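# Structural overview for review
Spelled out from the first residue to the last, the chains are:
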Amino acid sequence: PTSAQVSVVPHSGRYCYTLDNDLLTTEQRQFYEDNGYLLIKNLVSDKDIERFRKEFTRICKREVKPPGVMIMKDESLRSQFGQSENVVNKVQDFQEDEELFRYCTLPEVLKYVECFTGPNIMAMHTMLINKLPDSDKQTFLHPMHQDLHYFPFRPASRIVCAWTAMERAHQDNGCLVVQPGTHKTALKPHGYPEWEGKTNKLFHGLLDEDEKIPKVHLVMDKGDTVFFHPLLIHGSGINRTSGFRKSISCHFASSECHYIDVKNTTQEHLEKELQEMVCKKYNTTFVELKDIWNFRARLVQGERINL
């Protein structure tokens, strides 16, 4: 069973995945309803993106050490000494870094987020991704997956990801790949792919991928932002260039969402893996999954209700 089955919320009217708003055009709203994502061009300024890039470099150099931040290295490069842009593939959980967390509070981002979550908005999961030039080991290809697999809160339709390209993203440097319309499907079982070589921590993928579903490569310019549903099947390809492909993202949720128990669901093994990682990082023996998410979550607009 998958935990998505416990969270079916009845919808009435024409729209199931967006809320009434004065921002989205009828065409934009219908596109998200049909496809599960919406691309907004040139949303985040060059100035803001360069500030995020500078802070990422400072974190890599350990000039700043935000509490709670998880610095993830490419497994195939772990043996290399030091910590730099050359080996760090992700800075995750930057909710305590005020400079990076500015992304989650940008008015131009939040006005779109509110179309999906409503006015009470929590920033739940933050990442700055630095897709490294890839070797033939393919350790930095992210398999097709659904983000809801990682989240123990519902309903899914009140969760949305904002993902902003920090430089041009295209097929050669591993842009996002989506399967339009798959946000209407159930949460599917995930696990580590059976690849040769090492697989990066928490890069889970669908255990049974339907190759017949069409894929769309999202070519994006710097500052372009895509908003997508947590059940949308997506991934990213190999970076075949010599440069880095950076993006910054946050999963937002309505604070009216509620936590669920993932025991006896396909998310249970992820809960154990996450608990083990946190216990090791903070030298403790046990931590509740809900407490991990309470630590990650920050209110960015409105009132904190459940999450």
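You'll find the structure just up there.
Attention here is on the structure that accompanies the text. What you are looking at is a predicted structure, and each value in this text was computed from that prediction instead of being measured. (Residues numbered from 1 in each chain as written. Predicted model: local features only at pLDDT ≥ 70, side-chain atom pairs only at ≥ 80, totals over all residues. Heavy atoms only, no water.)

The number of helices and strands found in the chain is six helices and 16 strands. Counting every position in the chain, which comprises 307 residues, the buried fraction comes to 58%. Within the chain, residue pairs in contact and separated by at least 24 positions form 82% of the contacts whose partners lie at least 6 positions apart. Of the accessible surface of the chain, which amounts to about 13800 Å², a share of 50% is contributed by carbon and sulfur atoms. (Helix = DSSP H or I, 4+ residues; strand = E, 2+ residues; numbered from the N terminus. Buried < 20%, exposed > 50% of the residue type's maximum accessible area, 1.4 Å probe, protein only. Contact = heavy atoms within 4.5 Å. Areas by Shrake-Rupley, 256 points an atom, 1.4 Å probe, with all protein chains shown as cover.)

Now for the side chain of Asn130. Its location among the elements puts Asn130 in strand β4 (residues 121-131). Among the residues examined, Asn130 registers a relative accessible area of 0% and is labelled buried. Within polar-contact distance, the side chain of Asn130 engages the side chain of Lys246 at 3.2 Å. (Polar contact = N/O pair within 3.5 Å; in protein donor to acceptor, adjacent residues only side chain to side chain.)

Residue position: Arg53 is located in helix α2 (residues 46-60). Assessed through its relative accessible area of 17%, Arg53 is described here as buried. A distance of 2.7 Å separates a polar side-chain atom of Arg53 from the backbone oxygen of Met166.

The next subject is unusual backbone geometry. Excluding glycine, most residues fall at negative phi; most peptide bonds, likewise, are trans. Backbone torsion omega between Arg154 and Pro155 reads 5 degrees, so that peptide bond is classified as cis. Inspection of the secondary structure puts Pro155 in the loop between β6 (153-154) and β7 (159-165). Of note, the phi angle at Arg62 is positive, near 65 degrees, even though the residue is not glycine. The residue Arg62 is located in the loop between α2 and β2 (70-73) in this model.

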